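Geometric and topological summary
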Amino acid sequence: MARVWYERRAECIGACRVAARATDSRPITPLRPSNVELLAGPLVSTPPLPPALPGLVDTHCHLDAKYAHKGQPAAGEVLARARACGVGGFVVIGVGEDAAEARAAVATAHAEPDCVAAVGVHPHDAQHVNDAIFAEIAGLAADPKVAAVGEIGLDFHYDHSPRDVQRAVFRRFVGLAKALGKPIVIHTREAGQEALAILEEEGARDVGGVIHCFSEDLPFARRALDLGFDLSFSGIVTFKPATAIHEVARFAPEDRILVETDAPYLAPVPMRGKTCEPAMVVYTARRVAELRGVAAERLAEITTTNARRRFAGLPAAPQA
Ligand SMILES: [Zn+2]
Ligand SMILES: [Zn+2]
């Protein structure tokens, strides 16, 4: 059924990772965007901005160089473009082969008042984790501007890391989240039931969290909600064949839904094929609003209230 968008996503992430390995990380510097300056500058290679929808939070974006597509505007610029569209809060994900991306995400969260960070190790990179990397990420996770541990989880589609290693690293980071009392951002692909079983076994209910880039079905959604995990919808919800996700977007309780981009991946309709950036969360929010039969402004209000409850440190009143 949903083969079309799954395959497109595979292409996207596969390409990103090849590029990432070739370029590796650049020196980490806090972002200092000047909205006026940046918006006045030439944006020839960037897609047009969506019509503004004030008060949104992008609950999952990658801004570090390692995950950026070739030709993507600098992180400061994409933040400025998103703010111009009414996005007033960002959860910046810091994951990579070592702690470099986590450090970068924390630096961004300290430099930008409307950003908080989440740090962890993506299941793809589980095999690279050693005690030193874990210890450094654990230290960063304790930072007050780090609102969550993640993204962590299981990805049995690509199997970039052996499954046993993925499971062990996942459990270790759930333990970290519990020790810190911070919520967990979950990535799962073709491993949903097992990921939920591990969360249950490890007592993740104590801290709860978010199923990011929700791409499962209704029974999974019910189980995740019962476990204390919110559902975050990405650009996938705008894809026509994603009917199981549409069903979940209609069903999910109002106080348990979030929206995100997962930038630079998964640009929503009508931006398919472009590099995704946080401004595009507007399209995703509008589609979720349409599916639920509520006004887009109301959907923004609901999801932002939920995001602020889930991720400590987001601005109280998102800057439109
Ligand atoms: Zn993910
Ligand atoms: Zn992600």
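Residues numbered from 1 in each chain as written. Chains lettered and ligands numbered in written order. Predicted model: local features only at pLDDT ≥ 70, side-chain atom pairs only at ≥ 80, totals over all residues.

Counting secondary structure elements, the chain contains 11 helices and eight strands. Within the chain, the fraction of its 320 residues that count as buried is 52%. (Helix = DSSP H or I, 4+ residues; strand = E, 2+ residues; numbered from the N terminus. Buried ≥ 20, exposed ≤ 12 C-beta atoms within 10 Å, placed from the backbone.)

Here A267 lies in the loop between β8 (257–259) and α10 (281–292). As for A267 and T284, which are separated by 17 residues in sequence, their C-alpha atoms are 9.3 Å apart. Setting aside anything within four residues of it in sequence, one finds A267 in contact with G235, R272, G273, K274, T275, C276 and M280. (Contact = placed C-beta atoms within 7 Å.)

Taken together, the buried positions of helix α7 (residues 192–201) are G192, A195, L196, I198 and L199. The buried residues of α7 occupy one face: seen down the axis, they fall within an arc of 160°. Set apart from the buried face of α7 by more than 90 degrees, the exposed residues are A197 and E201. Next to the buried residues of α7 lie β4 (146–155), α6 (163–180), β5 (184–189) and α8 (218–226). (Arc of directions from axis to C-beta.)

Within the span of helix α5 (residues 131–141), buried status applies to I137, A138 and A141. Along the axis of α5, the buried residues cluster in a sector spanning 105°; they form a single face. Projecting away from the buried face of α5 at angles above 90 degrees are the exposed residues A132 and A135. The secondary structure elements touched by the buried residues of α5 are α4 (100–111), β3 (115–119), β4 and α6.

Let us now look at the packing of α10 against helix α11 (residues 296–310). Taken N-terminus to C-terminus, the directions of α10 and α11 make an angle of 105°; their axes are 8 Å apart at the nearest point. The orientation of α10 with respect to α11, classified from their angle, is roughly perpendicular. Note on element contacts: α11 touches α10 through A296, L299, A300 and T303, opposite A285, R286, V288, A289 and R292. Considered class by class, the residues forming the contact of α10 with α11 number six nonpolar, one polar and two charged. (Axes fitted to C-alpha atoms, helices over the stretch in contact; angles between N-to-C directions. Parallel < 35°, antiparallel > 145°, perpendicular 65-115°, else oblique. Nonpolar A, V, L, I, M, F, W, Y, C, P; charged D, E, K, R; others polar.)

Now for the environment of G192. With respect to the secondary-structure elements, G192 resides in helix α7. With 38 residues separating them in the primary sequence, G192 and L154 have C-alpha atoms 7.9 Å apart. Every residue in contact with G192, bar those within four places of it in the chain, is listed here: E216 and F220.

Turning to the pairing of strand β2 (residues 87–94), a few remarks are in order. Of all eight residues that make up β2, eight are buried, and the element is covered over most of its length. Here four bridges tie strand β1 (residues 56–61) to β2, and the two strands are oriented parallel to one another. From the neighbouring strand, C61 faces β2, where its bridge partner is V92. Sheet topology places β2 next to β3; five bridges connect them, and they run parallel. Its bridge partner lying in β3, V91 is registered against V116. (Pairing = 2+ DSSP bridges.)

Let us look at the sheet that holds β3. Strand order in the open sheet formed by eight strands is β1-β2-β3-β4-β5-β6-β7-β8, with parallel pairing between adjacent strands. Each edge of the open sheet carries a strand with a single partner, namely β1 and β8. Neighbour-to-neighbour, the strand axes of the sheet open up by a mean angle of 25°, direction not taken into account. With six bridges joining them, β4 and β5 adopt parallel strand pairing. When the sheet's bridge partners are listed, G153 is paired in β5 with H187.

A few words on the pairing of β3. Where burial is concerned, most of β3 is hidden: five out of the five residues are buried. Burial along β3 is two-sided: the face carrying C115, A117 and V119 and the face carrying V116 and A118 are both buried. When β3 meets β4, the two strands line up parallel, connected through three bridges. Looking at the pairing, A117 lines up with V146 of β4.

Let us look at the nonpolar core. Counting 97 residues, the largest nonpolar core has V92, A117, A118, V119, V149, I184 and A285 as its most contacted members. Setting aside residues up to four positions removed in sequence, A285 forms contacts with L53, L56, V259, A296, L299, A300 and T303. (Core = buried A, V, L, I, M, F, W, Y, C linked by C-beta atoms within 7 Å.)

So, about unusual backbone geometry. A263 connects to P264 through a cis peptide bond whose omega is 10°. One can find P264 in the loop between β8 and α10. Of the consecutive residues V269 and P270, the connecting peptide bond is found in the cis state with omega at 10°. The topology assignment puts P270 in the loop between β8 and α10.

Now for the confidence of the model for the chain. Of the residues in the chain, 82% have a pLDDT of 70 or more, and the chain-wide mean is 87. Contacts from residues 1–44, a stretch scored under 50 in pLDDT, to residues over four places away or in other chains number 56 contacts. (pLDDT = per-residue confidence, 0-100.)

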